[in-house]
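What follows is each chain in one-letter form.
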Amino acid sequence: MASVTLQDVRKVYAGGVEAVKGVSLDIPNGSFTVLLGPSGCGKSTLLRMIAGLEAITSGTVSIAGKVVNEVEPAERDIAMVFQNYALYPHMSVYDNMAYGLRNRGTAKEEIEKRVAEAAKLLAIGDFLKRKPRELSGGQRQRVAMGRAIVREPQAFLFDEPLSNLDAKLRVQMRIEIRRLHNRLKATSIFVTHDQIEAMTMADSIVVMNGGRVEQTGAPNHVYRFPATRFVATFIGSPAMNLLPGRIAGPGEAEIAGGGRIAFDPNAFDVTPGREVEIGIRPEDLRLAGSGEGALTFKKDFAEELGATRLFHGTVGEGAVVVALSGPAPAGDSFGLSAAPDAVHLFDPASGDSLRRA
Amino acid sequence: MVERRRFGDVIPHLILLIGIAIVAFPVYLCFVGSTLDQATIANGQMGLTPGPLFFETYWRTLFVGTSGTTREPVATMMFNSFVMALVIALGKIAISIISSYAVVYFKFPFRMAAFWMIFVTLMLPVEVRIYPTYKIAADLNLLNSYAGLTLPLIASATATLFFRQFFMTIPDELIEASKLDGAGPFRFFKDTVLPLSRTNIAALFVILFIYGWNQYLWPILITTHDDMQTIVIGIKKMIVTADALTEWNVVMATAMLAMLPPVAVVVLMQRWFVKGLVETEK
């Protein structure tokens, strides 16, 4: 196992499109790092550059301290799990797993031992003689992981491996991948556009947008202290509410046309009168009695989720979603409040968080 | 879906039966002719029931040959035809699968130019370039040889296009997975592309074998020795202008024999066709 280090990595395609605009990352040995971002943000390109499937325009990729820019994919000692599994359709499950080892000239007994171990670990021992087409999506996924595991590589790369599975299986596989990681302690880089996958699986999330890294950190940190408006709205479901406003006084912000809300004055570097964007997560809003300095919420419609209800409506001029549990409040309009430390402030122009470093 | 009506099946079946009759009746007539003696056919007394001379005619056709026209027995001709068809089919498949692999998977200067040059040869079948091709074959001393019979017919744009289209449906991830598994271009070809092309190769083999078997113009030019004749040419040579001399029963038997190998190839390979259609492994 090894660490993976990226130093100012850029990728410019032949057509002049800049897919990755200078990314520096340090992925420590044994960590599970998730590259998260919307489609086209460069996360897959980045992963493919680490794998060696995509040429690096500038910058360096190092695995275990060694620069591998010019090293062939097979010699980088990494294994990759593809979105569509990329199993060899004409080979049995056993051969799919053994193929890479055979090409490397591993001894037959060693191959048998490793495949047997991986098959046991992934509970696919019964299918070793079958062809991939005779397996279900989840089983193919396991075979694809088995093929990676038997190689005992320096790092595992996952390119959206769960997106072809149905919702239930996806939840199950994501737990299994994480459990597997806890057991093998292998450096893993996992690409996804699903923030729930990222939150649940990662030791460290790298949020990417437009070819750049927006923020890197532990899931909880990224969720609680988003560094930019993009991260704030991308992580968390439903997305964080953003309302235009300005600073009314120390620890108090005024939402345009919607009342005032308190924030933690020590956390933000702002002066009264400054235009800001106020961010509050739907789950941080709660019902408030009138006269508590509450925001007035005008309900539009509600979505029933079982444990919670989502209320869609407006506060002042801005659209707001509120997640509430417990009995539904009566009437079409009710008061809302939020804890001061749940209020985020962003610069309206740059989108950067105004939080003190 | 196909509509199901009570009398709806009758008309399609009728049409099919008529079609089969149109195709099969001459073949049957040919078979009947091959079991009669020469005089009966020549006198126009041929009926619709097979005669008594089945074994005699076929024995003579296969191993003796006709008296005056082609001095070689049909067994030799069949062997020549078989070699020609087989070499053409296998040669075309081998060359075109390799050239498509190069065009699809490798980036080299003038790659598209190479592809278009192959494509353009579609417009240049043997019939069009017959004189220069004959000249080259003659200069290379290829007349009256299997090499001369087969080599000029092997280069094939059709098969190259066919494999190219198929290769482009193989997902890129398979190549990438192979790269990560340490398989170079040769291993990827041998371990992945070739096995995945099995059913396509089988389908193409059937088509190309029949193409090779049915060759007429080229063999007639390139072979002058009797022992290099193919069966298609043999049939032609057996039919002499003076009608009375034509041994029609032998001609018919040869025609029947000439049909057998292509039919056998189709029948034997049919299983693969179906397999290729049913299996969607990609």
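Residues numbered from 1 in each chain as written. Chains lettered and ligands numbered in written order. Predicted model: local features only at pLDDT ≥ 70, side-chain atom pairs only at ≥ 80, totals over all residues. Heavy atoms only, no water.

### Some details on the overall build of chain A
Piece 1. Of regular secondary structure, chain A possesses eight helices and 20 strands.
Piece 2. The C-alpha extent of chain A, read off along each of the three principal axes, is 75 × 45 × 35 Å.
Piece 3. The 357 residues of chain A split such that 51% are buried.
Piece 4. Considering only contacts in chain A between residues 6 or more positions apart, those separated by 24 or more positions represent 65%.
Piece 5. For chain A, the exposed surface amounts to about 15500 Å²; the carbon and sulfur share of it is 48%.
Piece 6. The average position of the 41 basic charges and that of the 41 acidic charges among the side chains of chain A differ by 6 Å. (Helix = DSSP H or I, 4+ residues; strand = E, 2+ residues; numbered from the N terminus. Buried < 20%, exposed > 50% of the residue type's maximum accessible area, 1.4 Å probe, protein only. Contact = heavy atoms within 4.5 Å. Areas by Shrake-Rupley, 256 points an atom, 1.4 Å probe, with all protein chains shown as cover. Lys, Arg positive; Asp, Glu negative; His and termini not counted. Charge placed at Lys NZ, Arg CZ, Asp CG, Glu CD.)

### Let's talk about the interface of chain B and chain A
Piece 1. Each partner contributes residues to the interface: chain B has 19 residues there, and chain A has 22 residues.
Piece 2. With both sides pooled, the region where chain B packs onto chain A buries about 1800 Å², and carbon together with sulfur makes up 58% of that total.
Piece 3. For the pair chain B and chain A, the interface holds two salt bridges.
Piece 4. B:E176 is the partner of A:R48 in a salt bridge, and the nearest nitrogen-oxygen pair spans 2.7 Å.
Piece 5. For the interface between chain B and chain A, the tally reads twelve residue pairs in polar contact (both at pLDDT 80 or more).
Piece 6. Mapped by element, the contributors of at least two residues to the side of chain B that touches chain A are helix 9 (172-180) and helix 10 (185-196) of chain B. (Buried area = accessible area lost by both parts, 1.4 Å probe. Salt bridge = Lys/Arg side-chain N within 4 Å of Asp/Glu carboxyl O. Polar contact = N/O pair within 3.5 Å; in protein donor to acceptor, adjacent residues only side chain to side chain.)

### Observations regarding the packing of helix 4 (residues 137-150) of chain A against helix 5 (residues 167-184) of chain A
Residue and element names in this part refer to chain A.
Piece 1. At a closest axis distance of 11 Å, the pairing of helix 4 and helix 5 adopts a crossing angle of 20 degrees. Compared by their axis directions, helix 4 and helix 5 come out roughly parallel. Crossing of helix 4 against helix 5: the hand is right-handed. When helix 4 is examined against helix 5, the residues G138, Q141, R142, M145 and I149 are found in contact with a partner set consisting of L169, Q172, M173, E176, I177, L180 and L184.
Piece 2. Considering only residue class, the contact of helix 4 with helix 5 consists of seven nonpolar, three polar and two charged. (Axes fitted to C-alpha atoms, helices over the stretch in contact; angles between N-to-C directions. Parallel < 35°, antiparallel > 145°, perpendicular 65-115°, else oblique. Left-handed = near helix turned anticlockwise from the far one by under 90°. Nonpolar A, V, L, I, M, F, W, Y, C, P; charged D, E, K, R; others polar.)

### Focus: a nonpolar patch on the surface
Residues and elements named next belong to chain B.
Piece 1. Nonpolar side chains collect at one region of the surface, where M112, W116, F119, V120, L122, M123, L124 and V128 lie side by side and expose about 740 Å² of accessible area between them.
Piece 2. Its location among the elements puts V128 in the loop between helix 5 (111-120) and helix 6 (130-139).
Piece 3. With a relative accessible area of 53%, V128 lands in the exposed category. (Patch = residues over 30% accessible without salt bridge, like charges linked within 9 Å, V, L, I, M, F, W, Y side chains within 5 Å.)

### Some words on the sheet that holds strand 8 (residues 187-192) of chain A
Residue and element names in this part refer to chain A.
Piece 1. Strand order in the open sheet made by the six strands is 6-7-8-3-9-10, with mixed pairing throughout. Of all strands in the sheet, those bounded by a partner on one side alone are strand 6 (78-81) and strand 10 (212-217). In this sheet, neighbouring strand axes are inclined to one another by 20 degrees on average, regardless of whether the strands run parallel or antiparallel.
Piece 2. Contacts from helix 4 reach strand 6 and strand 7 (155-159), with the element oriented near 175 degrees to strand 6. (Pairing = 2+ DSSP bridges.)

### Observations concerning helix 1 (residues 43-51) of chain A
Residue and element names in this part refer to chain A.
Piece 1. Burial runs high along helix 1: eight of the nine residues are buried.
Piece 2. Residues of helix 1 that are buried: K43, T45, L46, L47, R48, M49, I50 and A51.
Piece 3. Of the residues one or two after helix 1, G52 is the one with positive phi, at around 95 degrees.

### With respect to the side chain of A:E54
Piece 1. Relative to the elements of secondary structure, A:E54 occurs in the loop between helix 1 and strand 4 (58-63).
Piece 2. Here A:E54 is in contact with A:K11, A:Y13, A:T45, A:R48 and A:M49, once residues within four sequence places are set aside.

### Notes on the sheet that holds strand 11 (residues 241-249) of chain A
All names here are of chain A.
Piece 1. Taken together, the five strands give an open sheet; going across it, the order is 13-12-11-14-20, and neighbouring strands pair in antiparallel fashion. In this open sheet, the two edge strands, each paired with only one partner strand, are strand 13 (259-262) and strand 20 (343-346). Direction aside, neighbouring strands of the sheet carry axes that sit 45 degrees apart on average.
Piece 2. Pairing analysis gives four bridges linking strand 14 (residues 275-280) to strand 20, with the strands arranged antiparallel. If you follow G279 over to strand 20, its bridge partner there is H344.

### Some thoughts on the pairing of strand 16 (residues 295-304) of chain A
Residues and elements named next belong to chain A.
Piece 1. Pairing analysis gives four bridges linking strand 16 to strand 19 (residues 333-338), with the strands arranged antiparallel. Bridge assignment links K298 to a residue of strand 19, and that residue is S333.
Piece 2. Bridge analysis of strand 16 against strand 17 (residues 309-315) gives seven bridges, and the strand direction is antiparallel. When the sheet's bridge partners are listed, E303 is paired in strand 17 with L310.
Piece 3. The antiparallel pairing of strand 16 with strand 17 creates a hairpin that spans four residues between the two strands, and G306 there sits at a positive phi of about 95 degrees.

### Observations concerning the pattern of salt bridges
Piece 1. Using the criterion set out here, one finds 22 salt bridges over all chains in the structure.
Piece 2. B:R60 is paired through a salt bridge with B:E247; the nearest N and O atoms lie 2.7 Å apart. Residue B:R60 is located in helix 3 (residues 54-63), and its partner B:E247 is located in the loop between helix 13 (231-238) and helix 14 (248-278); the two are separated by 187 residues in the primary sequence.
Piece 3. What you see here is one network of salt bridges that share partners, running through A:E110, A:K113, A:R114 and A:E152.

### Considering the domain arrangement of chain A
All names here are of chain A.
Piece 1. Looking at the assigned domains, one finds that chain A contains domain 1 (4-233) and domain 2 (238-346).
Piece 2. A separation of 39 Å is found between the C-alpha centroids of domain 1 and domain 2.
Piece 3. With seven residues of domain 1 at the interface, the matching set in domain 2 holds eight residues.
Piece 4. Roughly 710 Å² of surface becomes buried between domain 1 and domain 2 when both sides are summed, with 56% attributable to carbon and sulfur atoms.
Piece 5. Applying the counting criterion to the domain 1 and domain 2 interface returns one salt bridge.
Piece 6. The salt bridge partner of R229 is E277, with a shortest N-O separation of 2.4 Å.
Piece 7. On inspection of domain 1 and its partner domain 2, the count reaches three residue pairs in polar contact (both at pLDDT 80 or more).
Piece 8. Mapped by element, the contributors of at least two residues to the side of domain 1 that touches domain 2 are helix 7 (219-224) and helix 8 (229-234).
Piece 9. The element that contributes the greatest number of residues to the side of domain 1 that touches domain 2 is helix 8, accounting for three residues.
Piece 10. Split by residue class, the side of domain 1 that touches domain 2 holds three nonpolar, two polar and two charged. (Domains from an automatic or database assignment.)

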